Amino acid sequence: MNVIKIKGTEDTPTIMLDADSEIYEISGRSLPEDVGQFFDPVLQWLDEYAANPKEKTEFIFKLTYFNTASSKLLLDILLKLEDMGEAGHDVKILWYYPEDDEDMQEAGEEFNEIVDVPFEHIGY
């Protein structure tokens with residue numbers, strides 16, 4: 001399975017999806033100009049991964065900011081992870097947020113209410 005490694009910029013998050021190393025992480029700021037085009041490879045990768053996932057998948061979100069368009073794609077990612085969980089796979093979301101950032105904390109809580117996937121909220 002291919003590894004997705006995207007180095008973050010001021011407007012795009014760092015993304016690391018490596019099934020062999022069991023690293024699944026999106027971090028940084030997400031406000032890409034074309035959010036659909038930016039996240040499309042991630043969604044495709046998750047579709048492929050879901051066909052034969054590892055025993056346990058802990059997906060890390062460590063975002064400091066995301067715009068409204070990104071929130072829709074983040075939800076799409078979470079829904080794919082929810083589907084994996086409903087198929088009987090062990091899936092968990094680790095939602096990191098700066099301790100002084102109520103918006104990022106609340107965003108994680110809102111996503112947690114929408115999808116049926118175990119969430120761990122971690123302030124740092």
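Refer to the preceding data block for the structure.
Parameters at a glance
Residues numbered from 1 in each chain as written. Predicted model: local features only at pLDDT ≥ 70, side-chain atom pairs only at ≥ 80, totals over all residues. Heavy atoms only, no water. Axes fitted to C-alpha atoms, helices over the stretch in contact; angles between N-to-C directions. Helix = DSSP H or I, 4+ residues; strand = E, 2+ residues; numbered from the N terminus. Parallel < 35°, antiparallel > 145°, perpendicular 65-115°, else oblique. Contact = heavy atoms within 4.5 Å. Nonpolar A, V, L, I, M, F, W, Y, C, P; charged D, E, K, R; others polar. Pairing = 2+ DSSP bridges. Phe/Tyr/Trp six-rings, centres within 6.5 Å; stacked < 30°, edge-to-face > 60°. Buried < 20%, exposed > 50% of the residue type's maximum accessible area, 1.4 Å probe, protein only. Lys NZ or Arg CZ within 6 Å of the ring centre and 35° of its normal.

Trainee: Please provide a residue-by-residue account of the packing of helix α1 (residues 35–50) against helix α2 (residues 68–86), values included.
Mentor: Packing of α1 against α2 leaves a shortest axis separation of 10 Å and a crossing angle of 5 degrees. Taken together, the axis directions place α1 and α2 in an arrangement best described as roughly parallel. Seen from α1, the contacting residues are Val35, Phe39, Val42, Leu43, Leu46, Asp47, Tyr49 and Ala50; seen from α2, they are Ala69, Ser70, Leu73, Leu74, Asp76, Ile77, Lys80, Leu81 and Met84. In terms of residue class, the contact of α1 with α2 is made up of 13 nonpolar, one polar and three charged.

Trainee: Go over the sheet that holds strand β2 (residues 14–18), please, and point to the residues and values.
Mentor: Taken in spatial order, the six strands of this open sheet run β1-β2-β3-β4-β5-β6, and their pairing is mixed. Single-partner strands in this sheet number two, and they are β1 (4–6) and β6 (119–123). Within the sheet, the average angular offset between the axes of one strand and its neighbour, ignoring direction, is 15 degrees. Most of the contacts of α2 go to strand β4 (residues 56–66), to which it runs at about 170 degrees, and overall it touches β3 (23–30), β4, β5 (90–97) and β6.

Trainee: Can you explain the packing of aromatic side chains? Please cite residues and give values.
Mentor: Counted according to the given criterion, the structure contains eleven aromatic pairs. For the ring pair Phe38 and Phe39, a centre distance of 5.1 Å and an interplane angle of 85 degrees mean the geometry is edge-to-face. Here the two residues Phe38 and Phe39 agree in accessibility, since each one is buried. Taken together, the ring pairs connect Tyr24, Trp45, Tyr49, Phe59, Phe61, Phe66, Trp95 and Phe111 into an aromatic cluster. Just above the ring of Tyr96 sits the side chain of Lys62; from NZ or CZ to the centre is 5.3 Å. Directly above the aromatic system of Tyr124 lies the positively charged group of Lys62, at a separation of 4.9 Å from the ring centroid.

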